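What the coordinates show
This is what each chain is made of:
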Amino acid sequence: MWIRIVRHGGPRRRPRSTTTVRNQANSAIPFLLACSQRYRTLRQVSRADITEWLAQCAAPHNEAVALRDIFKTLKSERLLFANPARGASLGSRPSSVPMPLSPETIQRLTAAAETNPALKLLIALVGIHALYPHQARALPLTAIDFTRGRLTLGDIDHPLDAFTQQAAVDYIHLRHQRWPHTRNPHLFISSQTAHTRAPVTIGWMQPPLRGLPVTAQQLREDRILEEAAVTGADPQHLCAVFNITPETGLRYTRYFDLDPTDSDDASVCNIETS
């Protein structure tokens with residue numbers, strides 16, 4: 001009911017874009033799955049359930065927006081007797097100034113990656129080579145050139161470091177084991193895309209990162225901040241290395257203006273050496 005209304009609109013409500021609906025659904029799915037393990041209907045969800053869930057989220061703003069919209073819509077359609085999300089704090093929006101990951105977060109990522117080849121390669125592509133999440137999802141197999149030792153994608157032409165190369169070898173081996181006859185040209189595939197030629201969707205990224213206090217975008221931002229820290233926060237250098245606009249390059253250098261006397265925080269950890 002909620003998806004139908006937000007996609008197609010309703011009384012005094014305009015339809016939203018498919019991207020918006022997908023993003024809100026992805027933000028709400030972890031909470032809904034958790035509720036399904038305890039309750040048989042959303043009518044059993046309490047305000048305390050929502051408050052406790054948002055409190056343990058690393059960045060609760062998007063989750064809060066999605067849950068408030070879902071319960072408000074279901075209440076207006078008289079599918080719920082009460083709206084447990086009414087008045088739930090949205091928290092602060094994601095900071096416009098990127099922040100580095102903490103050493104504890106890096107350690108948790110490294111530990112999780114050791115048992116998940118897909119996550120390990122995703123961390124390498126986003127956290128070392130600073131690919132956008134959508135670029136990593138759409139990366140073709142041919143982008144990993146083991147002969148030349150390069151990662152190539154459009155304007156991107158990076159040398160393959162040891163961590164990324166080993167991560168790619170481990171994942172491709174797993175890929176061949178699970179789907180030996182797939183003709184999908186993309187590096188990352190799933191049980192849904194193995195029999196097609198389509199890339200994995202954004203929802204594919206959610207399970208590997210679930211339970212970790214970081215998003216793929218934050219992982220990419222950490223890599224760019226690391227580069228800025230070791231090159232004197234030169235925005236022109238960031239633009240040249242990561243193919244970003246001057247405005248975006250300045251956005252990353254703002255972090256180093258927050259506390260000019262604290263240079264230790266600017267030296268973010270390197271995933272490769274963790």
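This text follows the structure it describes.
The paragraphs below set out a description of the structure included in this document. As the structure is a prediction and not an experimental result, all values here were calculated from the model. (Residues numbered from 1 in each chain as written. Predicted model: local features only at pLDDT ≥ 70, side-chain atom pairs only at ≥ 80, totals over all residues. Heavy atoms only, no water.)

Considerations on helix α2 (residues 18–36)
- Compared with an ideal rise of 1.5 Å per residue, which puts 19 residues at 27 Å, α2 spans 25 Å between its outermost C-alpha atoms and is within 8% of the ideal.
- Along its length, α2 reaches its greatest deviation from straightness, about 40°, at I29, and the proline P30 lies no more than four positions downstream.
- All of the buried residues along α2 are V21, Q24, A25, N26, S27, A28, P30, F31 and C35.
- Residues of α2 that are buried make contact with α1 (2–8), α3 (47–55), α4 (60–76) and α9 (206–209). (Helix = DSSP H or I, 4+ residues; strand = E, 2+ residues; numbered from the N terminus. Expected span 1.5 Å × (residues − 1). Bend = angle between axes of the 7 residues up to and from the residue. Buried < 20%, exposed > 50% of the residue type's maximum accessible area, 1.4 Å probe, protein only. Contact = heavy atoms within 4.5 Å.)

Looking at the packing of aromatic side chains
- As enumerated under the stated definition, the model contains four aromatic pairs in all.
- A ring pair is formed by F31 and W53, whose centres lie 5.8 Å apart and whose planes are at 70°; its orientation type is edge-to-face. Residue F31 is located in helix α2, and its partner W53 is located in helix α3; the two are separated by 22 residues in the primary sequence.
- Summarising the aromatic geometry, the rings of F188 and W204 are spaced 4.8 Å apart at their centres and angled 45° between planes, so their arrangement reads as tilted. Note that F188 is positioned in the loop between α8 (162–178) and α9 and W204 in the loop between α8 and α9, a separation of 16 residues in sequence.
- Judged by its relative accessible area of 16%, W204 is buried. (Phe/Tyr/Trp six-rings, centres within 6.5 Å; stacked < 30°, edge-to-face > 60°.)

A few points about the pairing of strand β2 (residues 150–153)
- Two strands pair when backbone bridges link them, and strand β1 (residues 144–145) and β2 are joined in this way by two bridges, in the antiparallel orientation. When the sheet's bridge partners are listed, D145 is paired in β2 with R150.
- Hairpin connection of β1 to β2: four residues between the antiparallel strands, including G149 at a positive phi of 70°.
- Across four bridges, β2 lies against strand β3 (residues 156–159) in antiparallel orientation. Bridge pairing in β3 places L153 opposite I156.
- The hairpin turn running from β2 into β3, its antiparallel successor, is two residues long, and G154 in that turn takes a positive phi close to 60°. (Pairing = 2+ DSSP bridges.)

Notes on the packing of helix α10 (residues 216–230) against helix α11 (residues 235–242)
- Relative orientation of the contacting elements α10 and α11 amounts to 130°, with a least axis distance of 10 Å. On the basis of the axis angle, α10 is oblique to α11. For the pair α10 and α11, the crossing hand works out as right-handed. On α11, the residues that touch R220, R223, I224, E227 and A228 of α10 are H237, L238 and F242.
- Within the contact of α10 with α11, the residues separate by chemical class into four nonpolar, one polar and three charged. (Axes fitted to C-alpha atoms, helices over the stretch in contact; angles between N-to-C directions. Parallel < 35°, antiparallel > 145°, perpendicular 65-115°, else oblique. Left-handed = near helix turned anticlockwise from the far one by under 90°. Nonpolar A, V, L, I, M, F, W, Y, C, P; charged D, E, K, R; others polar.)

What about the pattern of salt bridges?
- Tallied over the full model, the rule gives eight salt bridges.
- R13 is paired through a salt bridge with D69; the nearest N and O atoms lie 2.8 Å apart. Here R13 is found in the loop between α1 and α2, whereas its partner D69 is found in helix α4, with 56 residues between them in sequence.
- A relative accessible area of 25% places R13 in the partly exposed class.
- Residue D69 is classed as buried on the basis of its relative accessible area, which comes to 16%. (Salt bridge = Lys/Arg side-chain N within 4 Å of Asp/Glu carboxyl O.)

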